[in-house]
Amino acid sequence: MFTIETPVEKLVMIGPAYQNRLKKLGITTIGDLLYHLPFRYDDFSLISTIEKLQEGERVSVVGTVKKIENVYTKSRKKIQKAIVSDSTGSIDVIWYNQPFLTNILKPETTIILSGVVSSFASKLIFESPSYEMQKEKIQPLHTARFVPVYPETASVSSKWLRSRIFSLLSKFPLLVEDPLPQNIIQKYSLVPQKRALEMIHFPKNGEEARIGRRRLAFDELFFVQLRAAVRRKLWEKEQVSQPLFVNDHLAKIKQVERDLPFTLTNSQRRVLREIFADLSKTRPMNRLLVGDVGSGKTVVAAIAMYVAFLSGFQSILLAPTEILAKQHYKTIQQVLGTFIKRIELVTAETKKSVSRTASIFVGTHALLSQSLELKHLGLAVIDEQQRFGVRQRAILRLKGTYPHLLSMTATPIPRTIALTLFADLDVSFLEELPHGRSPVKTWVVPPHKRENAYAWIRNHIHESKGGNRVFIVCPFIEESQTMTEVKAAKAEFERLRTHVFPEFSLGLLHGGLNEKKRSEVLSAFRKGKYNILVSTPIIEVGIDIPTATIILIEGAERFGLSQLHQLRGRVGRGSTQSYCLLFTYGSSIIAMKRLTYLTQYSYGPKLAELDMQLRGSGEIFGLKQHGHLGLTIATIADVDLLQKARESVGELLTRDPLLSRFPLLRKKTLEDTIEEIAPD
Ligand code: ADP
Ligand code: MG
């Protein structure tokens, strides 16, 4: 009997080679394989006779192979040409570079083809259709149905995954114990877990896929919230060694505020009051500060760290990258340098020179791995918390007693959803941008205006006598940096450098560079050595270069609104008017509508909400863009489901706080949570 914990190699047909390849997709157990979900479906359920085929139709036909041969093209590539017929006619079929097909699709075999009909030399043809032998009494898997398409990796094709998952769900004795209490399943009309998996992998139609997805999305939202609730309970038992003495130091805090080159916004003041109240308690603070890009979170953190210092405690500020750590170090120096002597930067490279007993450490995760003396750690600040695992956050606990914890994020997420998803934290919102900041002027630039836009940028740089800097973000498809993207960025860089902006100096930033090199490029850009920085979308969230005033984004329609908003946040950080140019390749109406929102709104959470509405309607799966919220199936657009999950978590815990009647649920929640909380 297989369970979701059984290792994949126990399945027939998965040997060591596939075992390794699957690892690249994050699949090691049968459960991982079952939860490797399709990101779309090809609807090939329409079956037609050959006579009735029409160009452009997405369709399947059942026919007999009449002839098949390998043919060489002029460029010496092999193509496979076949003729397939049924009782009503025949059609030409071609495939590229699959010479083995002549051995599989022998003449007189009956096959099913699925694809989009196209035409060549005024004849209809099938180009690279999916194919499958027709077998009696067996429903086809890859053709003539709703066909799931999976995220792939080298040598693990969708077709292969489809077969494995299908046999797993239909042929093997597989035990999937549903962790959800029966009454919740019934109350919210969910389908059982195993049924949901069948529906999401092999739906009869779109409706079935939606029903399956709904159940799995519910699970995700349910468990995120259940764990949050448990974490909160555990947290509430924690104690700090001593509360901080905020009220004793109000005059000194005022002094720091007076020395700032700006006045704090009302939002910043309110958030500081919330933080001060927490710091004065014996229960450690666990607060999340949600603030749009450029809202000024760093200075809030700096002042909180000063309070820790005044009370005789150390504090640390943890940043996700070296580049950000250096930037924060500078900021903290500027704000607190006259009041605190011992502020240290800790990164992989500064290791040796660091004084181990400073009052404030600013750094990357090197901070956690090094034996710094943090016996008096009173406050830990984690910037861009979505980039850190819960586990890394838990390590902090090893250092000293439990410190107060302030996490910060610029994830644009509507308020109500933040409060629900982060139910284990107290959440503060910085809802106001600093004064004198005018919104970034944003335009959508269609293909025919490209040259004008370049000319405008040229002019803009000249007028500022080279003082203003420009980001050019190159297109990309996946979240990860593949070599193709790096190549695309390099090619675009060359084109821009030699043909478009030969009079300026350009830098190139991409994920193929190591962190040190990236940091060098960015600092050269900051110092003005480059006028223009060509980059893949990795330009770090949080980078603060006030002289950058233009950002040009290629292929803007491929990004989500929130992501575009984050990218746009790289400019408009000083008092100079800034601009965002969204280049498109001409695209669908819905994509254009999305981009237009960006020209109208500049408040992140508002854009997140609009994005949500747009996506909620069309898309089946959420592009994994909420992965950092612990969601891969559900999206923040599932507001209704989120509400239901929340309600059920509440009811469940009121009736059975220790989950003693639900051992499976208890196991799944508590073990994970305790593991997250307890460092190893
Ligand atoms: P984020 O919230 O995105 O981390 P930062 O903390 O990097 O934003 O701040 C963005 C910029 O705004 C910095 O240059 C900072 O000095 C400046 N800033 C912060 N607070 C204010 C304020 N109240 N008035 C004017 N400028 C401010
Ligand atoms: Mg920041």
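A. Local environment of the overall build of the protein. Summing up its helical and strand segments, the protein has 22 helices and 23 strands in all. A compact globule built from 680 residues should have a C-alpha radius of gyration of about 26 Å, and the protein, at 29 Å, falls within 12% of that. On the principal axes, the C-alpha backbone points of the protein span a range of 95 × 70 × 45 Å. Intrachain contacts of the protein at a sequence separation of at least 6 include 72% that bridge at least 24 residues. On the protein, roughly 31100 Å² of surface is accessible, and the fraction owed to carbon and sulfur atoms is 54%. Between the averaged position of the 93 positive side-chain charges in the protein and that of its 68 negative side-chain charges there is a distance of 3 Å.

B. Seen up close, the sheet that holds strand β12 (residues 314-318). The seven strands lie next to each other as β13-β14-β12-β15-β16-β11-β17, forming an open sheet whose pairing is parallel. Looking along the sheet, the strands with just one partner apiece sit at the ends: β13 (343-346) and β17 (426-430). Direction aside, the axes of adjacent strands within the sheet are offset by 20° on average. For β13 and strand β14 (residues 360-363), the ladder comprises four bridges, and the chain directions are parallel. Within β14, the position partnered with leucine 345 by the bridge is valine 362. Sitting on the sheet, helix α9 (residues 266-279) touches β11 (286-291), β15 (377-382), β16 (404-409) and β17, and the angle it makes with β17 is about 160°.

C. Quick peek at the pairing of β11. Burial analysis of β11 places six of its six residues in the buried class, the great majority of the element. Burial of β11 is two-sided: the residues Asn286, Leu288 and Val290 facing one way and the residues Arg287, Leu289 and Gly291 facing the other way are all buried. Relative to β16, β11 runs parallel, the two sharing five bridges. Across the sheet, residue asparagine 286 finds its bridge partner in β16, namely leucine 405.

D. Main features of the domain arrangement of the protein. On domain assignment, one finds that the protein holds domain 1 (46-144), domain 2 (247-279 + 296-409) and domain 3 (441-601). Placing a centre on the C-alpha atoms of domain 1 and another on those of domain 3 gives a separation of 44 Å.

E. Representation of the nonpolar core within the structure. Counting 66 residues, the largest nonpolar core has Phe218, Phe222, Leu226 and Leu421 as the members making the most contacts within it. For this core, the element with the most residues is helix α7 (residues 206-236), which contributes nine residues. Within the second largest apolar cluster, 38 residues are counted, among which are Leu317, Val335, Leu336 and Ile343.

F. Representation of the sheet that holds strand β18 (residues 441-445) within the structure. Taken in spatial order, the six strands of this open sheet run β18-β23-β22-β19-β21-β20, and their pairing is parallel. A strand with exactly one partner marks an edge of an open sheet, and here the two such strands are β18 and β20 (506-509). Across the sheet, the mean angle separating the axes of adjacent strands is 15° when strand polarity is ignored. With five bridges joining them, β18 and strand β23 (residues 579-583) adopt parallel strand pairing. Bridged to lysine 441 within β23 is tyrosine 579. The sheet contacts of helix α15 (residues 450-463) involve β18, β19 (469-473), β21 (532-535), β22 (548-553) and β23, and relative to β23 the element is tilted by about 160°.

G. A look at the packing of aromatic side chains. In the structure shown here, the tally under the stated rule is 18 aromatic pairs. Taking the centre distance of 5.1 Å and the plane angle of 85° together, the rings of phenylalanine 166 and phenylalanine 202 count as edge-to-face. Placement of phenylalanine 166 in helix α4 (residues 158-170) and of phenylalanine 202 in the loop between α6 (193-201) and α7 is noted, with a sequence separation of 36 residues between them. Classification of phenylalanine 202 as buried rests on a relative accessible area of 11%. With 5.3 Å between their ring centres and 90° between their planes, phenylalanine 222 and phenylalanine 223 make a pair best called edge-to-face. We note that phenylalanine 222, like phenylalanine 223, is buried. In this arrangement the basic side chain of arginine 76 is found over the ring face of tyrosine 72, its NZ or CZ atom lying 5.0 Å from the centre. In this structure, lysine 606 is placed above the aromatic ring of tyrosine 601, and the distance from its NZ or CZ to the ring centre is 5.5 Å.

Thresholds, definitions, all that
- Residues numbered from 1 in each chain as written.
- Chains lettered and ligands numbered in written order.
- Predicted model: local features only at pLDDT ≥ 70, side-chain atom pairs only at ≥ 80, totals over all residues.
- Heavy atoms only, no water.
- Helix = DSSP H or I, 4+ residues; strand = E, 2+ residues; numbered from the N terminus.
- Rg over C-alpha atoms; globule rule 2.2 N^0.38 Å.
- Contact = heavy atoms within 4.5 Å.
- Areas by Shrake-Rupley, 256 points an atom, 1.4 Å probe, with all protein chains shown as cover.
- Lys, Arg positive; Asp, Glu negative; His and termini not counted.
- Charge placed at Lys NZ, Arg CZ, Asp CG, Glu CD.
- Pairing = 2+ DSSP bridges.
- Axes fitted to C-alpha atoms, helices over the stretch in contact; angles between N-to-C directions.
- Buried < 20%, exposed > 50% of the residue type's maximum accessible area, 1.4 Å probe, protein only.
- Domains from an automatic or database assignment.
- Core = buried A, V, L, I, M, F, W, Y, C linked by side-chain atoms within 4.5 Å.
- Phe/Tyr/Trp six-rings, centres within 6.5 Å; stacked < 30°, edge-to-face > 60°.
- Lys NZ or Arg CZ within 6 Å of the ring centre and 35° of its normal.

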